[in-house]
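# A look at the structure
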Amino acid sequence: MKARLPLVARMLLGLVFLFGSVTFFLNLFPPPADMPERLKTFHEGLMASGYFLNLLKATELICGLMLVTGFFVPLALVVLAPISLNIFLVHANLAPEGLPLAIIIGVLIIYLSFFAEPYASVIRPLFRPRS
């Protein structure tokens, strides 16, 4: 079972990002009408930029595919780290009802990046000081 844990974690994380990006691009679930006012303003600001949400969701789509297929997993984890931090901070400050999923995403990224081999052996050296 222990040997399968990284695979399960990688697939779950990949599917979360795939689902989020596909639903955005296909407009499967429009934004809820009862969205908190500050979150609504934040979302409208991102949409008003004209490019940012498309770039973000395309990045999530590509990284989700990388995680699900198993190609370039360490790269996907490094790219998704700041995105997942922003997901956590948005939910912590603007929409606390989404915090459980944001925490799960963060735990999966931390686990895969620092504790699951073979990915941890690639990512951990990024945090060592160079001499």
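For the structure given in this document, a descriptive report is provided here. Here the residue numbers are simple positions, counted from 1 along each chain's written sequence. Local features in a predicted model are, by the rule used here, given only for residues with pLDDT of at least 70; side-chain atom pairs are given and counted only at 80 or more, and totals for whole chains, interfaces and linings are based on all residues. Just so you know, side-chain values use all the structure's heavy atoms and leave hydrogens and water out.

Turning our attention to helix 3 (residues 52-69). Strands here mean DSSP runs of E at least two residues long; helices mean DSSP runs of H or I at least four residues long; both are numbered from the N terminus. What a helix is expected to span follows from its residue count: subtract one and scale by 1.5 Å. Across its 18 residues, helix 3 extends 26 Å between first and last C-alpha, which sits within 8% of the 26 Å expected from 1.5 Å per residue. Note on classification: 1.4 Å probe, protein chains only; a residue is buried when its accessible area is under 20% of the maximum for its type, exposed when over 50%, partly exposed between these limits. Listing the buried residues of helix 3 in full gives L53, L56, K57, E60, C63, G64, M66 and L67. Lining the buried residues of helix 3 we find helix 1 (5-25), helix 2 (37-48) and helix 4 (73-93). Of the residues trailing helix 3, G70 is marked for its positive phi of about 85°. Pairs of residues are marked as contacts when any of their non-hydrogen atoms sit within 4.5 Å.

Below, the discussion takes up a nonpolar patch on the surface. A surface patch of nonpolar side chains, about 630 Å² in accessible area, is lined by F19, V22, F25, L26, L28 and F29. Locating V22 in the fold gives a position in helix 1. Patch definition: residues above 30% relative accessible area lacking any salt bridge, with like charges linked at up to 9 Å and the nonpolar side chains Val, Leu, Ile, Met, Phe, Trp and Tyr linked at up to 5 Å. Computed with a 1.4 Å probe, the accessible areas rest on the Shrake-Rupley method; for each residue, only the protein chains presented here act as cover. Salt bridge, as used here: a side-chain nitrogen of Lys or Arg that lies within 4 Å of a carboxyl oxygen of Asp or Glu.

With that settled, the discussion passes to the packing of helix 4 against helix 5 (residues 99-114). In the contact formed by helix 4 and helix 5, the axes pass within 9 Å of each other and the chain directions differ by 155°. It follows that helix 4 is roughly antiparallel to helix 5 by the angle criterion. Crossing of helix 4 over helix 5 shows left-handed handedness. Contacts between helix 4 and helix 5 involve L77, L80, A81, S84, I87, F88, H91 and A92 on the former and, on the latter, L99, A102, I103, I105, I109, L112 and S113. To obtain each axis, a line is fitted to C-alpha atoms, and for helices this fit is confined to the stretch in contact; angles are then taken between N-to-C directions over 0 to 180 degrees. Between 65 and 115 degrees an angle is taken as roughly perpendicular, under 35 as roughly parallel, over 145 as roughly antiparallel, and anywhere else as oblique. In a left-handed crossing the near helix is turned counterclockwise from the far helix by less than a right angle, and in a right-handed crossing that turn is clockwise.

Attention shifts here to the pattern of salt bridges. A full pass over the atoms with the stated rule returns two salt bridges. One salt bridge in this structure joins K57 and E60, with 3.2 Å as the shortest N-O distance. Of this pair, K57 and E60 both sit in helix 3, three residues apart, which is roughly one turn of that helix. Overall, the relative accessible area of 16% leaves K57 in the buried class. In this structure, the salt-bridge partner of R124 is E117, at a minimum N-O distance of 3.1 Å.

Turning our eyes to something else, we now look at the nonpolar core. By nonpolar core we mean a set of buried residues, namely Ala, Val, Leu, Ile, Met, Phe, Trp, Tyr and Cys, connected to one another through side-chain atoms within 4.5 Å. Membership of the largest hydrophobic core comes to 21 residues, with the highest contact counts inside it found for L13, F17, L67, L77, L80, L112 and Y119. Among the elements of the structure, helix 1, helix 3, helix 4 and helix 5 are those that each provide at least two residues to this core. With five residues, the next largest nonpolar core counts M35, L39, L94 and A95 among its residues.

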